[in-house]
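Letter by letter, the chains look like this.
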Amino acid sequence: MTIERALRAVAGLFVMLSVALGYWLHPGFFLFTAFVGLNLFQSAFTNACPAMAILRRLGLRSCVPAEGVGR
């Protein structure tokens, strides 16, 4: 699994978990959902995310773009 795919999986898990916690336990957990969304939004422009550093240390590899893409 690549870092990019693992990052999407972790973000999706956090969103689903925080929505469930916000619904069943306390609405304050929706702030965590907003934090994950904001972090995903900024990482789209900066290509930097704290979770990527953690996943890289766990040994996941980066995605290598295919040759000839975008030509």
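It should be emphasised that the depicted structure is a prediction, and the values quoted were computed from it without experimental measurement.

Draft legend 1. Molecular detail of the environment of P50. Tracing the backbone through its elements, the reader meets P50 in helix α3 (residues 50-57). In this structure the C-alpha to C-alpha distance between P50 and N39, which are 11 residues apart in sequence, comes to 9.0 Å.

Draft legend 2. Spotlight on a nonpolar patch on the surface. A cluster of nonpolar side chains, contributed by V19, Y23, W24, L25, F29 and F30, occupies part of the molecular surface with about 710 Å² of accessible area. Considering every element that reaches the nonpolar patch, the biggest residue donor is helix α1 (residues 3-24), with three residues. Looking at the secondary structure, you find F29 in the loop between α1 and α2 (30-46). Relative accessible area serves as the criterion here: at 32%, F29 is assigned to the partly exposed category.

Draft legend 3. Structural view of the layout of surface pockets. The volume enclosed by the largest pocket comes to roughly 160 Å³. Along its surface, the largest pocket is lined by L7, V10, A11, F14, F32, F35, V36, N39, L40, C49, P50 and A51. Sorting elements by how many residues they give to the lining of the largest pocket places α2 first, with five residues. Counted by class, the lining of the largest pocket contains 11 nonpolar, one polar and no charged residues.

Draft legend 4. Fine view of the confidence of the model for the chain. With 93% of its residues at a pLDDT of 70 or more, the chain shows a mean pLDDT of 90. Within the chain, the lowest mean pLDDT, 91, falls on α3, and the highest, 95, falls on α1.

Draft legend 5. Quick peek at the packing of α1 against α3. Two elements in contact, α1 and α3, have axes whose closest approach is 10 Å; the angle formed by their N-to-C orientations is 125°. One finds that α1 runs oblique with respect to α3. Between α1 and α3 lies a crossing of right-handed hand. Only A51, M52, L55 and R56 of α3 make contact with α1, whose side of the interface consists of I3, A6 and L7.

Draft legend 6. Spotlight on the packing of α1 against α2. Two numbers describe how α1 lies on α2: the axes approach to 7 Å, and their chain directions differ by 160°. Here α2 runs roughly antiparallel to α1, going by the angle between their axes. Between α1 and α2 the crossing geometry is left-handed. Here A11, F14, V15, S18, V19, G22 and Y23 of α1 lie close against α2, whose contacting residues are F30, F32, T33, V36 and L40. Looking at the contact of α1 with α2 residue by residue, the classes come out as nine nonpolar, three polar and no charged.

Rules used in this analysis
- Every chain's residues receive numbers from 1 upward, in the order its sequence appears when written.
- Predicted model: local features are reported for residues with pLDDT of at least 70 only, side-chain atom pairs are reported and counted for 80 or more only, and whole-chain, interface and lining totals are derived from all residues.
- Processing note: side-chain calculations cover all non-hydrogen atoms of the structure and skip hydrogens and water entirely.
- Secondary structure follows DSSP: runs of H or I at least 4 residues long count as helices, runs of E at least 2 residues long count as strands, and numbering of each begins at the N terminus.
- Each patch groups residues whose relative accessible area exceeds 30% and which form no salt bridge, using 9 Å between like charges and 5 Å between nonpolar side chains of Val, Leu, Ile, Met, Phe, Trp and Tyr.
- For the area figures, the Shrake-Rupley method with a 1.4 Å probe applies, and any residue is considered shielded solely by the protein chains shown.
- Salt bridge, as used here, is a side-chain nitrogen of Lys or Arg placed within 4 Å of a carboxyl oxygen of Asp or Glu.
- Partly exposed residues are those whose accessible area sits between 20% and 50% of the maximum for their type, while under 20% is buried and over 50% is exposed, using a 1.4 Å probe and protein chains only.
- In this analysis, the protein atoms alone were mapped onto a 1 Å grid. Cavities are point sets where a 1.4 Å probe fits without being able to get out; pockets are open sets with protein on both sides within 12 Å along at least five of seven lines; lining residues have an atom within 4 Å of a point.
- Grid points are joined across faces, edges and corners, and a volume is the space filled by probe spheres set on the points.
- Residue type decides the class: Asp, Glu, Lys and Arg count as charged, Ala, Val, Leu, Ile, Met, Phe, Trp, Tyr, Cys and Pro as nonpolar, and the leftover types, Gly among them, as polar.
- Across the chain, each position has a pLDDT score giving the predictor's confidence in that residue, from 0 to 100.
- Each axis is a line fitted through C-alpha atoms, and for a helix only the stretch in contact is used; angles between axes span 0 to 180 degrees, taken between their N-to-C directions.
- Orientation is classified from the angle alone, with under 35 degrees giving roughly parallel, over 145 giving roughly antiparallel, 65 to 115 giving roughly perpendicular, and any other angle giving oblique.
- Note on convention: the crossing is left-handed when the near helix lies turned anticlockwise from the far helix by less than a right angle, right-handed when the turn is clockwise.
- In this analysis, two residues are considered to be in contact whenever any of their non-hydrogen atoms come within 4.5 Å of each other.

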